[in-house]
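One letter stands for each residue in the lines below.
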Amino acid sequence: MNNKYDNLYKASIANPEKFWDEAAKDVKWFSPYKKVLDNSNPPFYRWFPEGKINTCFNAIDRHVEEGNGSRLAIIYDSPVSSKKISFSYSEVKKIVSTFAGALKDFGIKKNDRIIIYMPMIPEAVFAMLACARIGAVHSVVFGGFAANELAARINDSEAKLIISASCGFEPGRIIQYKPLLDEAIRLATLKPKKCVIFQRENNSVELGVNDISWQEFIKNAKEIDCEHMDANDPAYILYTSGTTGTPKGIVRDIGGHIVALKWSMKNIYNINPGDIWWSASDIGWVVGHSYIVYGPLFHGCTTILYEGKPVGTPDAGSFWRIISEYKVKSLFTAPTAFRAIKKEDPEGKFFKKYDLSKFEILFLAGERADPDTIKWAENLLKKPVIDHWWQTETGWAISANCAGLGLFKTKYGSAGKAVPGYNIQILKPDATQAKPSEMGDVVVKLPLPPGTFPTLWKADKRYKENYMDPYQGYYKTYDAGHIDEDGYVWIMSRTDDIINVAGHRLSTGSMEEILSENASVAECAVLGIADNLKGQIPLGLIVLKSGVTKKPEDISKECIQMIRDKIGPVAAFKNVVVVKRLPKTRSGKILRGTVGKIADQVPYKMPATIDDPTILDEIKSSLIESGIIKN
Ligand code: COA
Ligand code: AMP
C-alpha cells in the first residue's frame, strides 16, 4: 500500500478535470483555457480548449524570465564526432529565436509542417524548438529510415521545408544524408520548397539548387518572439508503424503535452528543476521527443544529448562515463542498451572505474524489460531499476512505478501500476472485464489524459476505427497482458503485426509488402523471433515461384537488400529462409505465431485449424538448415 500514489491515482480517475486543472497551474499560459476538458464529441476529447500557450516559451523563455538563464539547458556529448558543448537556457533562447526568425522570413507560418531528418546534434533540438516558437508543426524522422520511408512522411505531412544535416556517424561508417534526402524528394509526390542543411565540421557536402546551408539560412535573421498558439493546435506529428504498412501520423497537441510532461518529470521520475537528466534514446523516437527534449526543458532541467551508442563508442563504459562526468541524477533508456552493456562487460569492469554517487534511478521502457537484465543492472548500480510502459500514441508512461510518489516493491516482469490519469483495464474479446491475472486486451478508459494523441494526422476516421471503435468507450492499445490482484500491469505481447527490435517499433506487414515485390517470391511471411540483444529480430520466410532458376541464397540476399533500401538499416532484417510452403489455417491465415514458437524453440500447441500439420516439420527442418535454430 502506498498512500500517496493510491490517493493521487484515485483522485485522477474520480475527477480528471480537477486533477489536470491543478497540474496546468504549473505551466505558463498566455491566456486561460475556457474549460478543462471538452467532451462534447467523443472519442475526440480536447483538453484545455481555447487556452493560449506556446511550447518553446514553456521550454526555454520561461526559465530565462524566471532568472535561470545561466542554467545549462543542453549538454551535448558526442564520442562519434569527438565533441562536447554545453548551452545555457539564454544561449538556447538566442539561437532558437534567431532560427525561428529565419523560418518566418522564409515564409513558414503557424501550422505549416516541417520535416526534421537529423542526427543527434544540438541543431536538431534547436530546429524542433524553433518550429514550436512560430507554431509550425515538426515531424522528426529517425535517421535510420530509408528514403522511401522519408518520402512517405513528406507526402503525408505535406511538409514545406526539410531541415537536415550533411551527415550522421554510425560506428565505423558515415551516413551521408544528402543522397537519402535527394532520393526521398525524387520519390515524393509533394515536393518541399527547400532543404536547410546543417554542414557538420570537416564533413560538409555540396548543396543542390534547392538546398541552403543552415549557416546561410540564418545569416540575416532576427530573433523573434513566441506565437500565441491554441492549446489544441498540433505541436508535432510523429509517424509510427501501424497495423498496415502505411505509417500513422501520431498528433500531439500543444497544451496537454506541456501540462502532462511537466507533471511527469516530478511525479513519475522524481526530477526537480535544475537536476541533470539523461534520456539515452534518439530524437527520432517518442522517448526522444518527450524526454530528451520537451519534458526536461519544460521542467527547467539540464538534458544530456548523447550522440553515441552504449557499446563501441568507444567501449561498454560510455554510459557510466556520461553519468559520472555530468553527475546525472537519473537515466532513461531501453533495456536493449543494458543488454548490450551486459554482453560486453558482464562483470561490470568498466562500471568500477567511475564515480556514480550522484546517480539515483534507472528507468527502462520501449520494450519489455526482461527480469535478468533488471536484476543485473540492480546488482551493479545498487539503485532502483524501474520498468515502465508506454507508446508513441500516449507520449508518456501509461504504467510505471512513480518515483515521485514513493516507490512500491518491484515485481520482475511487470511494468508497474497505472500512472495517474490512465484508467487501465483488461477486456476479453466479448468486451467483458477480465478477472485479476487473466489475459486480455489492455485498454484505457476514455478520456485519455492530456499529452496523449487527440487524433491521427488527416485521419480522424482511421483514429476512431482503429483505436476507439473496437471497444466502445476505451482506447485499444494493441498490447495484450493482465493486471494482477495487487494492481500491477503485465504487458506480454502485441496483438497486431508490430514487432519491437532494439526498442524500435516495426511492422512485419510492411516488410511482407516489400518482399512480395521480389519477382522470384510467390508468397512470404515475416515474424519476430527472440534475440538476446535486440529483444526481437525479424525473420522472413519466402516461397519461391515455380520455375525460378536463380539460386535461393541470391534471392535471400536480394530480399535483405530490398528491406534495407526501402525501410532502412533500423529494420535489422538479416534472416530469410526459403521454404517450400507456408503453414496456414484452412481459411488461409498464415500461422506466424506458431512459426515464431518453433523458431524460439518454445512449446507450441498444434493449431486445431491447421491445413496440413506436416508443414510445421518442414519449416523446422528449414530453420535448422539455415542455422536459425539448433537441432
Ligand atoms: N542513422 C542511420 N543508421 C542508423 C541509425 C541512424 N540514426 N541508427 C541505427 N542505424 C543503423 C545501425 O548502424 C545498424 O546498421 P547495420 O545493420 O549496418 O549495422 C542498424 O541501423 C541497426 O541499428 P541498431 O538498432 O542501433 O542496432 P546496433 O546493432 O547498431 O546496436 C544497440 C544495438 C543495442 C547498441 C542499439 O540498438 C542501441 O543503442 N539501442 C539503444 C536503445 C534505443 O535507442 N532505443 C530507442 C527507443 S527508446
Ligand atoms: P513505441 O510506440 O515505439 O514506443 O512502442 C510501443 C510498444 O512497445 C508498446 O505498445 C509495447 O508493445 C512495447 N513496450 C514499450 N514499453 C514497454 C514495456 N515497458 N513493457 C512491455 N512492452 C513495452
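Fair warning: this is a prediction, and the values are worked out from it, not measured in the lab. Throughout, a residue's number is its position along its own chain's written sequence, starting from 1. Here every chain gets a letter starting at A, and every ligand a number starting at 1, in the order they are written. The predicted nature of this model means local features are confined to residues of pLDDT at least 70 and side-chain atom pairs, given and counted, to a pLDDT of 80 or more, with totals for whole chains, interfaces and linings taken over all residues. As a rule here, side-chain values come from all non-hydrogen atoms in the structure, and water together with hydrogens is ignored.

1. Observations regarding the overall build of the chain
Put simply, the test is: Numbering of helices and strands runs from the N terminus; a helix is a DSSP stretch of H or I covering at least four residues, while a strand is a stretch of E covering at least two. For the radius of gyration, the atoms used are the C-alpha atoms, and the globule rule reads 2.2 Å times the number of residues raised to 0.38. Whether a residue is buried, partly exposed or exposed follows from its accessible area with a 1.4 Å probe, protein chains only, as a fraction of its type maximum: under 20%, in between, or over 50%, in that order.
Across its full length, the chain carries 18 helices and 31 strands. In terms of overall dimensions, the chain is globule-like: its C-alpha atoms have a radius of gyration of 24 Å, near the 25 Å expected for 631 residues. Viewed in the frame of its principal axes, the chain has a C-alpha envelope of about 70 × 60 × 55 Å. When burial is assessed residue by residue, the chain has 60% of its 631 residues classed as buried.

2. A few points about the nonpolar core
Quick note on the threshold: Only buried residues count toward a nonpolar core. Its members are Ala, Val, Leu, Ile, Met, Phe, Trp, Tyr and Cys residues joined through side-chain atoms within 4.5 Å. The contact rule is simple, with two residues in contact once any of their heavy atoms fall within 4.5 Å.
Counting residues in hydrophobic clusters, the biggest one holds 126 residues, and the most contacted among them are F48, L103, L129, I163 and W396. For this core, the element with the highest residue contribution is helix α5 (residues 122-134), accounting for 10 residues. Aside from chain neighbours lying at most four places away, what touches I163 is F99, L103, I114, I115, I116, Y117, M118, A127, V196 and W214. A184, I197, C524 and C559 belong to the second largest nonpolar core, which has 62 residues in total.

3. Structural notes on the packing of aromatic side chains
We apply this condition: Pairing of aromatic rings covers Phe, Tyr and Trp, the last through its six-membered ring, and needs centres within 6.5 Å; plane angles under 30 degrees mean stacked, over 60 mean edge-to-face, and all others mean tilted.
Per the counting criterion, the structure on display carries 47 aromatic pairs. With centroids separated by 5.6 Å and ring planes inclined at 80°, the aromatic side chains of Y291 and W390 adopt a geometry described as edge-to-face. Of this pair, Y291 sits in helix α10 (residues 286-298) while W390 sits in the loop between β20 (385-387) and β21 (399-400), and the two are 99 residues apart along the sequence. For the pair formed by Y291 and W390, the shared burial category is buried. With a centroid separation of 4.9 Å and an interplanar angle of 75°, the aromatic rings of F453 and Y463 are classed as edge-to-face. In this pair, F453 sits in the loop between β24 (440-445) and α14 (460-468) while Y463 sits in helix α14, placing the two residues 10 residues apart along the sequence. Per residue, the accessibility class of F453 equals that of Y463, and both read buried.

4. A closer look at the sheet that holds strand β18 (residues 330-333)
Put simply, the rule reads: A pair of strands is labelled paired if DSSP reports no fewer than 2 bridges between them. Between the N-to-C directions of two axes lies an angle of 0 to 180 degrees, each axis being a line fitted to C-alpha atoms and, for a helix, fitted only over the stretch in contact.
Across the sheet, seven strands lie side by side as β5-β4-β17-β16-β18-β19-β20; this open sheet has mixed pairing. Where the open sheet ends on each side, the last strands, each with one partner, are β5 (83-88) and β20. When strand polarity is set aside, the average angle formed by the axes of neighbouring strands in this sheet is 20°. As defined by bridge partners, strand β4 (residues 72-78) adjoins strand β17 (residues 302-306) across four bridges and the pair is classed as parallel. In the strand pairing of β17, D77 is matched with Y306.

5. Comments concerning the state of the cysteines
We apply this condition: The disulfide criterion is simple: two cysteine sulfur atoms within 2.5 Å.
Scanning the model with the defined rule gives zero disulfides in all. Take C56: it sits in no disulfide, and the sulfur closest to it among the cysteines is that of C226, at 4.7 Å. Judged by relative accessible area, which is 11%, C226 ranks as buried.

6. With respect to the site of ligand 2
Note the following rule: Here a residue is near a molecule or strand as soon as one of its heavy atoms is found within 4 Å of it. In protein, a polar contact means a hydrogen-donor-capable atom and an acceptor-capable atom, both N or O and within 3.5 Å, with residues adjacent in sequence counting only if both atoms are side-chain atoms; elsewhere, any N or O pair within 3.5 Å suffices. Methods summary: accessible areas were calculated by the Shrake-Rupley approach with a probe of 1.4 Å, and residue burial reflects only the protein chains presented. Note that Gly is not counted as nonpolar here; it falls among the polar residues with everything else outside the nonpolar set of Ala, Val, Leu, Ile, Met, Phe, Trp, Tyr, Cys and Pro and the charged set of Asp, Glu, Lys and Arg.
Around ligand 2 sit 15 residues in total, of which H388, T392, D479, R494 and R505 are the nearest. In this structure, an oxygen atom belonging to ligand 2 sits 2.5 Å away from a side-chain N or O atom of T392. Bound to the protein, ligand 2 loses 93% of the 500 Å² it would expose on its own. Its residues assigned to classes, the shell around ligand 2 comprises four nonpolar, five polar and six charged.

7. Comments concerning the site of ligand 1
Neighbouring ligand 1 are 22 residues, the closest being E170, R173, K309, R564 and K574. Contacts to ligand 1 include H504, whose side-chain N or O atom sits 3.3 Å from an oxygen atom. K534 is positioned with one of its side-chain polar atoms (N or O) 3.0 Å from an oxygen atom of ligand 1. Protein contact buries 83% of the 940 Å² of open area that ligand 1 shows by itself.

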